[in-house]
Amino acid sequence: MKAFQSIKRVFTEKVELNVPVLLICFVISCFIYYVYRTQTLRDDAFSVNLEIRSSNGIVAAGPYRETVQVIVRGSPQDVSKLSAEDFTAYLNLDFATKKGVCDFPVLLELTPRAMEIISLQTKCSPSHIKLEVEEEASAFVPVEPLYSGKPADGYELKSVSVEPPQVEITGARSLVLAKSSFQTKKMSIDGALGDFITDTGLNDKPFSFTYSEDVFRVKFEIVPVKVSRKIDVVKVSLANVPPSLDVVAQTDSIPVTIYGNMLDVEKFVPAQGTVVADCSKVSGAGRFDVPVTITVPPQFSLTGEVVKKVPVTFNTKPVADENKSSAEEPTSDEAGEASAQ
């Protein structure tokens, strides 16, 4: 017992005599530990998308930053294993109960891999974000096609449609009510020779809304340009003229107007027999209005004023000339006698 008290007394005396030295040693130890920690730890920063979460019908009504910086500190081995996918930054709008501007803390979620690093230190920059919020609303908004260019020569755009024709958006009430329409991303119809379909998205897509559709199917109906063309001179051919009659006067040509695809109409040249006057009903000499048949290729149709009949004048062939020519010809008996002599 006396030995223990003696040792205690000696220790106490030594400590009391060396308090300044002990304090200095403690400070030096802390400094050495701090230097060690700062030299062996590594800082890194990741750009992380900022999410908005709400379950009480309150949503963001104004613009806000899309990303925040997540700053991490840890050992180089641990930090090198991390990436931006290990962190989720979000604002919880459940803290707000009515329309207005609120200051929300930026909250952080870590993946299990990041949570296993016990010594990992994290913070967000900025740590708080001011955001205008209000009640949530939904509406159906029409989607309009946006396109440029023109079809190939001889073709035109007849119609264009979008499927679905509307998109349902959800967001802040004032923003939803102010949105009257959306446009698709711009598409080109330059040089198109026929119908085609393309899938596309919305051209201007504010992230303050959520959307019921992401892809829209746009149908373009491209058709040939239809035109009419008047051909002033088309030759009239006569058919079925009675053999006893001579044609002494006729209409040589008539105008014909055709209708069809522009490219075909421009190249069309009337062939022989396009216009035929049928003289089979003519019974004698005189002037007759003979019915006309106009035949064009099946891709065309006749339009405008169509000529139905043309005047043709006929004379009877002279009978005397026929008798005279018959008399002048020798009979077979006379020819035989002449050959015998």
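Look above for the structure.
Each value, and the rule that gives it
All residue numbers here refer to positions counted from 1 along the written sequence of the relevant chain. A pLDDT threshold of at least 70 governs which residues receive local features in this predicted model, and a stricter bar of 80 or more applies before side-chain atom pairs are shown or counted, although totals over entire chains, interfaces and linings include all residues. Here the side-chain values reflect all heavy atoms present in the structure, with hydrogen atoms and water set aside. The term nonpolar core refers to a set of buried residues drawn from Ala, Val, Leu, Ile, Met, Phe, Trp, Tyr and Cys, joined through side-chain atoms within 4.5 Å. For the exposure calls, accessible area comes from a 1.4 Å probe over protein chains only, and a residue counts as buried if that area is under 20% of its type's maximum, exposed if over 50%, partly exposed in between. Where helices and strands are cited, they refer to DSSP runs of H or I of at least four residues and of E of at least two residues respectively, numbered from the N terminus. Two residues form a contact once any of their heavy atoms are found within 4.5 Å. Paired strands, in this sense, are two strands between which DSSP finds at least two bridges. Cavities and pockets are found on a 1 Å grid laid over the protein atoms alone: a cavity is a set of points where a 1.4 Å probe fits but cannot escape, a pocket is an open set with protein on both sides within 12 Å along at least five of seven lines, and a lining residue has an atom within 4 Å of such a point. Grid points are joined across faces, edges and corners, and a volume is the space filled by probe spheres set on the points. Axis definition: a line fitted to C-alpha atoms, over the contacting stretch in the case of helices. Angles run 0 to 180 degrees between N-to-C directions.

Draft legend 1. Representation of the nonpolar core in the model. Leu-50, Leu-91, Val-106 and Leu-131 are the most contacted members of the largest nonpolar core, which totals 25 residues. Mapped onto this core, the elements with two or more residues apiece are strand 1 (42-53), strand 2 (58-60), strand 3 (67-74), strand 4 (87-92) and strand 8 (128-144). Residues within four places of Val-106 in sequence aside, it is in contact with Leu-50, Val-68, Ala-89, Tyr-90, Leu-91, Cys-124, Pro-126, Ser-127, His-128 and Ile-129.

Draft legend 2. Looking closely at the sheet that holds strand 20 (residues 275-278). Spatial ordering of the open sheet is given by 18-23-21-20-17-19-22, a layout of seven strands whose pairing is mixed. Single-partner strands in this sheet number two, and they are strand 18 (245-250) and strand 22 (301-302).

Draft legend 3. Region of the structure containing empty space enclosed by the protein. Per the stated rule, a full pass over the model turns up one cavity of 30 Å³ or more. A volume near 40 Å³ is recorded for the largest cavity. In this structure, the largest cavity is lined by Pro-255, Val-256, Thr-257, Ile-294, Leu-302, Thr-303, Glu-305, Val-306 and Val-307. Here the lining of the largest cavity takes three residues from strand 19 (residues 253-261), the largest share from any one element.

Draft legend 4. Summary view of the layout of surface pockets. Computed from the structure, the largest pocket encloses a volume of approximately 300 Å³. Lining of the largest pocket is provided by 17 residues; of these, Ile-52, Val-59, Phe-207, Ser-208 and Thr-210 occupy positions nearest its centre. Secondary structure elements with two or more residues in the lining of the largest pocket: strand 1, strand 2 and strand 11 (166-172). With three residues, strand 2 is the largest single contributor of residues to the lining of the largest pocket.

Draft legend 5. Structural detail: the sheet that holds strand 10 (residues 155-163). Sheet architecture is open: three strands sit in the order 10-16-14, paired in antiparallel fashion. Because the sheet does not close on itself, it has two edges, and the strands there are strand 10 and strand 14 (196-200). Across the sheet, the mean angle from the axis of one strand to that of its neighbour is 20°, orientation sign disregarded.

Taken by themselves, the reported measurements are silent on function.
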